[in-house]
Every structure is written in structure tokens, then in C-alpha cells.
Amino acid sequence: MVAVPPLMGQLTLEEFLAYPETQPACEYVEGSVRQKPMPQGEHSTLQIRLGTAINEVAVPGKLAHAFTELRCTFSGRSIVPDIAVFVWSRIPRTERGRIANRFDCHPDWVIEILSPEQSANQVIEKILYCLNAGTQLGWLIDPQDESVVVFQPDSLPQVRSGVEPLPVWEGLDNLSVSAKQIFDWLVI
């Protein structure tokens, strides 16, 4: 049985990182541990489909890479975004040139999918924390009202729905996706 970090009480980042990974993942925020909700059908579908759509455009040209449920440790926190997109040149690598296991840096684009039992404010705070650390773009996908809140540095959040293309990381000009397209993935 895997020991779960204490969800109450203070813990250092180093102590937190010494624990084995849990399912669902735990995150370290300001000395506290928060366990993410277990992904369900809608969440899982959106995560896989969107990550695949990004990688189909980004990976062949070595522009960027989308990772799902990747632990990112930076600026005193350790978070696990639903999707973390890294510019190709910023992907941590081993000495052999392989993708590293540890990502001790912020993503360039962070995407969160709101689960029914999740606090919207905690997720928004996580996206804003990433933006303050250098992330260039954040999305909060809300399956309940079929909207995407877009966060960019130095601008107010924008709520998007419908067929208008969503802003994407500037290096992925060939990627065009709308809120409607994202939520249409849920219809089978």
C-alpha cells in the first residue's frame, strides 16, 4: 500500500516529493497537500482528446509537447495540471536526450478541466500562479456550462464558448480549436 502524504498539517516540499506518487495525484501548495479528484468520463475524454489534438500539430515540427497529469515542481509548489504544454526547447531532457522524468519548471501553457467536485477558485488560483511564474497561456475548461476561460499574462480573463477559435500558444498557429469542438468530443 502506498503512503499518502498527510492532507492536513505542514510539510516541506522536499518531504512531499519523497512520498511515492498517488492516484489520484496530490499537489503541494504553500505547505499543504491537496489531492486532485479522480478523473471521470467527461474529464478523461477531454484530457486525452485535447492533448492528442495539440500533439498532432506540435510534435511533428518539434514545436511543443502536451503532457497529461505531469508533475511540475517550481517556485515552491508541486502541481499536476490536467494538461501541461512545454515549448520543445524547454522540455527537460536526460543526458541521453530522452524526456526527463522530473520537470522542475513551469509549463508554457497550462490547461485545467473543472471536475464537478472541484473548487473553481483553487483551480483558477493554480492557473494564476503558473502565469506569475512565466506560463504564457492558461485555459480553464468547464464542462458544466461548456465554456473555456482563457488566461493570459497582463490581461483580464476571457470566457469563451461557441465556434470562435480559442487563443492557443503563439507557436502553434496551425492549431485551431473552439469551445464547441472541445465539447462536441463528448458526444459519441
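Provided above is the structure to which this section pertains.
A. Quick peek at the overall build of the chain. A count of helices and strands for the chain gives 4 helices and 10 strands. Order of helices (α) and strands (β) in the chain, N terminus to C terminus: α-β-β-α-β-β-β-β-β-α-β-β-β-α. Taking the principal axes of its C-alpha atoms as reference, the chain extends roughly 45 × 40 × 35 Å. A total of 188 residues make up the chain; the buried ones form 48% of that total. Look at the contacts in the chain between residues 6 or more apart in sequence, and 49% of them connect residues 24 or more apart.

B. How the structure looks around the side chain of His106. Tracing the backbone shows His106 in the loop between strand E6 (83-87) and strand E7 (109-113). The class for His106 is buried, based on a relative accessible area of 15%. Among the polar contacts listed, one links the side chain of His106 to the backbone oxygen of Ala133, at a separation of 3.3 Å.

C. Focus on the pattern of salt bridges. Counted under the stated rule, the structure contains 11 salt bridges. Between Arg71 and Glu21 there is a salt bridge; the shortest N-O distance is 2.6 Å. With a gap of 50 residues between them, Arg71 in the loop between strand E3 (64-68) and strand E4 (72-74) and Glu21 in the loop between helix H1 (13-18) and strand E1 (26-29) connect regions that are remote in the sequence. Classification of Glu21 as partly exposed rests on a relative accessible area of 48%.

D. Looking closely at the sheet that holds strand E8 (residues 137-142). Pairing within the open sheet is mixed, and its 6 strands lie in the order E3-E6-E7-E8-E9-E10. The open sheet has two edge strands, E3 and strand E10 (158-160), and neither has a second partner. Taking the axes of each pair of neighbouring strands and ignoring which way they run, one obtains an average angle of 20 degrees across the sheet. For strand E9 (residues 147-151) and E10, the ladder comprises 3 bridges, and the chain directions are antiparallel. Bridged to Val148 within E10 is Arg160.

Rules behind the numbers
- Residues numbered from 1 in each chain as written.
- Predicted model: local features only at pLDDT ≥ 70, side-chain atom pairs only at ≥ 80, totals over all residues.
- Heavy atoms only, no water.
- Helix = DSSP H or I, 4+ residues; strand = E, 2+ residues; numbered from the N terminus.
- Buried < 20%, exposed > 50% of the residue type's maximum accessible area, 1.4 Å probe, protein only.
- Contact = heavy atoms within 4.5 Å.
- Polar contact = N/O pair within 3.5 Å; in protein donor to acceptor, adjacent residues only side chain to side chain.
- Salt bridge = Lys/Arg side-chain N within 4 Å of Asp/Glu carboxyl O.
- Pairing = 2+ DSSP bridges.
- Axes fitted to C-alpha atoms, helices over the stretch in contact; angles between N-to-C directions.

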